[in-house]
Amino acid sequence: MPVSEAWRERLAAARADRQQAQRWRTRQLVAHSTLDFAGNDYLGLAQDPRVSEAQAVGAHRFGAGAGASHLVSGHLEVHDALEDALARWTGRERALLFSTGYMANLGVLQALADRHTALFQDRFNHASLLDGAALSGARSRRFHHRDAIDLESLLARSECAHKLVVSDGIFSMDGDVADIASLVSVSQRHNAWLMIDDAHGVGVLGKHGSGCVGSTWNSREVPILVGTLGKALGTAGAFVAGDAELIDHLIQFSRSYIYTTAQPPAIAAATLKALEIVQGEPERRAQLNANIAYFRHEALGLGLSVSESATPIQPLILGDEARTLRWAGQLQKQGFHVGAIRPPTVPKGEARLRITLSARHQRGDIDQLLAALNHCQHQEALCSPCV
């Protein structure tokens, strides 16, 4: 058999398996008329005209792209200003920009860990953290979700001199928040460093929106803090914050930082404006929290099985893949974009609609979504053989 045909057969088999399992992913062009309850623009800053204007001004001043990596000639004054602002916001000595959150997590774990390192990760950690651990070559163990007792047991059995505990801040598919206090306590008892990926927390939680770690926990307690700019801040990219020694190490050894073009300077300029708004307009977080509370109260009143979450991520567990796709399709026809999340992103039997709320949502938007969800529920009850 020709090599090209062997490869085509392999791709076709993978496609057939995934389609049969109702797990084939498709991209959708989201119309402006569609109400978005799937994205991560938690504070509505991606659509804020002040942020858009700052990006346009930044592009005129600095150009469309950085033109090189940070270590060649791509590190501009606007990048430096943003790193300083992020460090101050999170109560850290320094911060380092990465092009994406995925690259930040890969870069940190690859730079810090090797076969002489023991990694301990929450079972529900983001794929980028799991991939970073695999890339590092470190010995990796996963503790039960938000279970400090299980983590302590694993740490106590480890004889490795270099131990690193890694957890999401807000878990992206469940919306629950890590027990930072317990993670800090257990890690310190066993001389382990702690890394928190607060991608979904920065801008949303904490004093001045600095996240579930931010200024609450210092760099001795949480030495490695990762945050993204493309969620609550509404732009793109990511950062790592910590002490100067950590940042210097990453600049020298993090391959995903060294070997890639720097973030476009216009994005950095837009992020500086977004950061100013986050800190100066706490009413955005207040509106977001009001929307979360209202949605949960009304959804539970309708008998919808939303998970226990006080964050913008509100999972509605439907169980199987076909049912999840059916509900998402019905919602799409009614003008709502909601994420249909299936294995392997979540465990088998826990397929769900991942509903996300934003400060931009009006009460009427949420009422319309609730009515559409209730319609899906009633349609299913009338057509029980289809379930």
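Remember, it's a predicted structure, so these values are computed and weren't measured experimentally.

Calculation notes
- Throughout this document, residue positions are counted from 1 along each chain, in the order its sequence is written.
- Note on the predicted model: pLDDT of at least 70 is required for a residue's local features to be given, and 80 or more for side-chain atom pairs to be given and counted; whole-chain, interface and lining totals, by contrast, use all residues.
- Calculated side-chain values reflect all of the structure's heavy atoms, with hydrogen atoms and water omitted.
- Helix and strand assignments follow DSSP, with helices taken as H or I runs no shorter than four residues and strands as E runs no shorter than two, numbered in order from the N terminus.
- Expected helix span is given by 1.5 Å per residue-to-residue step, counting one fewer step than there are residues.
- Burial classes follow relative accessibility: with a 1.4 Å probe on protein chains only, a residue under 20% of its type's maximum area counts as buried, one over 50% as exposed, and anything between as partly exposed.
- Starting at the helix axis, one direction is taken to each C-beta atom, and the arc is that of these directions.
- Should any heavy atoms of two residues lie within 4.5 Å, those residues are counted as being in contact.
- We define a polar contact as two N or O atoms separated by no more than 3.5 Å, with the added condition that, inside protein, one atom must be a possible hydrogen donor and the other a possible acceptor, whereas residues neighbouring each other in sequence contribute only through side-chain atom pairs.
- Think of it this way: a Phe, Tyr or Trp ring, Trp meaning its six-membered ring, pairs with another when their centres are within 6.5 Å, and the plane angle makes it stacked under 30 degrees, edge-to-face over 60, tilted otherwise.
- Definition used: whenever NZ (Lys) or CZ (Arg) falls within 6 Å of the ring centre and also within 35 degrees of the ring normal, the charge is taken to sit over that ring.
- Residues are called lining when one of their atoms sits within 4 Å of a cavity or pocket point, these points coming from a 1 Å grid over the protein atoms alone, where a cavity is a set in which a 1.4 Å probe fits but cannot get out and a pocket is an open set with protein on both sides within 12 Å along at least five of seven lines.
- Grid points are joined across faces, edges and corners, and a volume is the space filled by probe spheres set on the points.
- Ten residues, namely Ala, Val, Leu, Ile, Met, Phe, Trp, Tyr, Cys and Pro, are considered nonpolar, four, namely Asp, Glu, Lys and Arg, are considered charged, and the remaining ones, Gly among them, are considered polar.
- DSSP-based pairing: two strands are paired if at least 2 bridges between them are found.
- For helices, the fitted axis covers only the stretch in contact; all axes are lines through C-alpha atoms, and the angles between them, taken along N-to-C directions, range from 0 to 180 degrees.

Enquirer: Report on helix α2 (residues 49–62), specifying residues and quantitative values.
Expert: The terminal C-alpha atoms of α2 lie 20 Å apart, and with 14 residues this matches the ideal 20 Å at 1.5 Å per residue to within 8%. All of the buried residues in α2 are Val51, Ala54, Gly58 and Phe62. For α2, the angular spread of the buried residues around the axis is 60 degrees, confining them to a single face. Within α2, the exposed residues directed more than 90 degrees away from the buried face are Pro49 and His60. Looking at the buried positions of α2, the neighbouring elements they touch are α4 (77–89) and α11 (265–280). For α2, the capping residue at the N-terminal end is Asp48, with a side-chain oxygen 2.8 Å from the backbone nitrogen of Arg50. Looking one or two residues beyond α2, the residue adopting positive phi is Gly63, at roughly 100 degrees.

Enquirer: Could you give an account of the packing of aromatic side chains, naming the residues involved and the relevant values?
Expert: Within this structure, the stated rule accounts for two aromatic pairs. Note on Phe37 and Phe336: the rings are 6.4 Å apart at their centroids and 50 degrees apart in plane angle, and the pair reads as tilted. Note that Phe37 is positioned in the loop between β1 (35–36) and α2 and Phe336 in strand β10 (residues 336–337), a separation of 299 residues in sequence. The ring centre of Tyr294 lies 3.8 Å from the NZ or CZ of Arg363, which sits over that ring.

Enquirer: Can you lay out empty space enclosed by the protein for me, pointing to particular residues and giving the numbers?
Expert: For the structure shown, the criterion picks out one cavity of 30 Å³ or more. Size it by volume and the largest cavity reaches roughly 60 Å³. Every residue along the wall of the largest cavity is listed here: Asp122, Phe143, Arg146, Asp147, Ala148, Ser167, Phe171, Ala178, Asp179, Ser182 and Leu183. When its residues are assigned to classes, the lining of the largest cavity shows five nonpolar, two polar and four charged.

Enquirer: If you had to explain the sheet that holds strand β3 (residues 117–122) to someone new, which residues and values would you point to?
Expert: The mixed open sheet is built from seven strands, whose spatial order is β2-β8-β7-β6-β5-β3-β4. The sheet terminates laterally at β2 (94–98) and β4 (139–143), the two strands that pair on one side only. In this sheet, adjacent strand axes meet at a mean angle of 20 degrees when their direction is disregarded. The strands touched by helix α8 (residues 180–189) are β4, β5 (162–168) and β6 (192–197); relative to β6, the strand with the most contacts, the crossing angle is about 155 degrees. Its contacts with the sheet put helix α9 (residues 244–253) on β2, β6, β7 (224–228) and β8 (238–242), and the angle it makes with β2 is roughly 25 degrees.

Enquirer: Got a sec to walk through the sheet that holds strand β9 (residues 313–319)? Specific residues and values, please.
Expert: In any sheet, the strands associate via hydrogen bonds between backbone groups, in a parallel or an antiparallel arrangement. The three strands lie next to each other as β9-β12-β11, forming an open sheet whose pairing is antiparallel. Edge positions in the sheet fall to β9 and β11 (339–341), since each of these pairs with one other strand and no more. On average, each strand axis in the sheet is inclined to that of its neighbour by 25 degrees, with strand direction left out of account. Direction of pairing for β11 relative to strand β12 (residues 351–356): antiparallel, over a ladder of three bridges. Across the sheet, Ala340 pairs through a bridge with Leu353, a residue of β12. Contacting β9, β11 and β12, helix α13 (residues 321–333) crosses the sheet at an angle of about 35 degrees to β12.

Enquirer: Please provide a residue-by-residue account of the layout of surface pockets, values included.
Expert: Considered as a void within the structure, the largest pocket measures approximately 960 Å³ in volume. Around the largest pocket sit 36 residues that line it, and Met173, Gly339, Ala340, Ile341 and Arg354 are the ones nearest its centre. It is α13 that provides the largest number of residues to the lining of the largest pocket, a total of four residues. Taken together, the residues of the lining of the largest pocket sort by class into 14 nonpolar, 15 polar and seven charged.

Enquirer: Mind laying out the pairing of β9, listing which residues take part and the relevant values?
Expert: Most of β9 is tucked away: six of the seven residues are buried. Looking at chain direction, β9 and β12 are connected through six bridges and run antiparallel. What sits directly across from Pro315, in β12, is Arg354.

Enquirer: Describe the pairing of β7, with residues and values.
Expert: Most of β7 sits inside the fold, with five of its five residues counted as buried. Burial of the side chains of β7 extends over both faces: Ile224, Val226 and Thr228 are buried on one face and Leu225 and Gly227 on the other. Two elements, β6 and β7, share three bridges in a ladder whose sense is parallel. When the sheet's bridge partners are listed, Ile196 is paired in β7 with Leu225. Looking at chain direction, β7 and β8 are connected through four bridges and run antiparallel. Note that in β8 the partner of Leu225 across the bridge is Ala241.

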